[in-house]
Structure formats: structure tokens, C-alpha cells
Amino acid sequence: HLIQSISILHKNLTTSEEWINTYIFPHSQLPYDYDYFQFTDGTFIVEDYHCFGHDYYRTLMAWHKRFQAAWPKLQSSYGERFYRMWNLYLLLCAGTFKSRRMNLLQIVMSKDGLEGGYESVR
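Residues numbered from 1 in each chain as written. Predicted model: local features only at pLDDT ≥ 70, side-chain atom pairs only at ≥ 80, totals over all residues. Heavy atoms only, no water.

Undergrad: Account for the nonpolar core, with residues named and values stated.
TA: Counting residues in hydrophobic clusters, the biggest one holds 20 residues, and the most contacted among them are Leu60, Tyr89 and Phe97. Those elements giving two or more residues to this core turn out to be α1 (18-23), α3 (53-98) and β3 (102-111). Looking at this core, the element that brings in the most residues is α3, giving 12 residues. Those residues in contact with tyrosine 89, other than ones at most four positions away along the chain, are Trp19, Ile20, Ile24 and Phe25. (Core = buried A, V, L, I, M, F, W, Y, C linked by side-chain atoms within 4.5 Å. Buried < 20%, exposed > 50% of the residue type's maximum accessible area, 1.4 Å probe, protein only. Helix = DSSP H or I, 4+ residues; strand = E, 2+ residues; numbered from the N terminus. Contact = heavy atoms within 4.5 Å.)

This is the structure we're talking about:
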């Protein structure tokens, strides 16, 4: 089983961001990285754990650049409020990934372990 998730890296950080909770993902809450290991409870074995939050920072900045370039065509359909909110959202998320407050991870788990083990494709 493959899980891909955005998560919080440190247990002393909040799992939700008020502005995002209000305007983008109401009532959202992100898991902590270590939460996934607590859920295995002997049923699942973590075969692989891959973090690529820094790559996601670059992805968000590329989306921001494309959004800026496309905005003149979108402006009449979406308006200034949408522009400000989407701009803030992309840059806020990029900053949290760059500062290592959030992570993008993929975890491969198997039930009772894979016969012969797991070979990473990286």
C-alpha cells in the first residue's frame, strides 16, 4: 500500500493553519510524520519512507510562476480577491515546505511484510 501525504514535521507545531482552515480547506488538520508509524500496530510493516518536501517547495514555486503568467487571461473570470487568496496560498505553502515545517512523504507499507522483502525503485 502506498500513502502519499502532506504532514507536519515537528510535534510542537500546530497541525492546522487558521487562514488555510478558513479559506482553502475548512476544518482541515494535517497528520504528523510519526502518526503513520503509530497506525501500523503490527498489522502493517513500513517497507519504505521517502520525504520530498523540498521538491514540493519547487513545485509550488513553479505553480506560482505559471499562475502569475496566466493571470491576465484568468482575471476577468476570477477577480482580484481570488488572485490575492491563491497567490497567498501558493506562497504560504511554499514557505512552509522551504522552512521544513511541512513535509511531503510517501510511505510504502505491506500487510505482514512482503515475501522476499521490498526493493525500492529509487
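Undergrad: How would you summarise unusual backbone geometry if you had to cite specific residues and measurements?
TA: For histidine 27, which is not glycine, the phi dihedral falls at a positive 65 degrees. Mapping histidine 27 onto the fold places it in the loop between α1 and α2 (35-38). Under the relative-accessibility criterion, histidine 27 is labelled exposed at 79%. With a phi close to 65 degrees, arginine 100 is a non-glycine residue in the positive phi region. As for its placement among the helices and strands, arginine 100 is situated in the loop between α3 and β3. On the basis of relative accessibility, which here comes to 42%, the residue arginine 100 falls in the partly exposed class.

Undergrad: Go over the pairing of β3, please, and point to the residues and values.
TA: In terms of residue burial, β3 counts as a mostly covered element, since 8 of its 10 residues are buried. As judged from the 7 bridges shared by strand β1 (residues 2-8) and β3, these two strands associate in the antiparallel manner. Across the sheet, the residue bridging to serine 5 is leucine 105, located in β3. Relative to β3, strand β2 (residues 44-51) runs antiparallel, the two sharing 7 bridges. Residue pairing across strands places aspartate 48 opposite valine 108, the latter belonging to β3. (Pairing = 2+ DSSP bridges.)

Undergrad: Outline the pattern of salt bridges, listing residues and values.
TA: For the structure on display, the rule yields 1 salt bridge. Close ionic contact of arginine 58 with aspartate 55 constitutes a salt bridge, the shortest N to O distance being 2.5 Å. Residue arginine 58 and its partner aspartate 55 are both found in helix α3; the two are separated by 3 residues, about one turn of the helix. Exposure remark for arginine 58: the relative accessible area of 46% places this residue in the partly exposed category. (Salt bridge = Lys/Arg side-chain N within 4 Å of Asp/Glu carboxyl O.)

Undergrad: Help me get a handle on the packing of aromatic side chains, residues and values and all.
TA: Under the criterion given, the structure shown has 12 aromatic pairs. Ring centres 5.4 Å apart and planes at 5 degrees place the aromatic pair tyrosine 32 and tyrosine 34 in the stacked group. Residue tyrosine 34 is classed as partly exposed on the basis of its relative accessible area of 34%. Summarising the aromatic geometry, the rings of tyrosine 56 and phenylalanine 97 are spaced 5.0 Å apart at their centres and angled 75 degrees between planes, so their arrangement reads as edge-to-face. Residue classification places phenylalanine 97 among the buried positions, given a relative accessible area of 1%. Here the aromatic cluster, defined as three or more aromatic residues joined through ring pairs, consists of Phe25, Phe67, Trp71, Tyr78, Phe82, Tyr83, Trp86 and Tyr89. (Phe/Tyr/Trp six-rings, centres within 6.5 Å; stacked < 30°, edge-to-face > 60°.)

The analysis is restricted to geometry; functional conclusions fall outside its scope.
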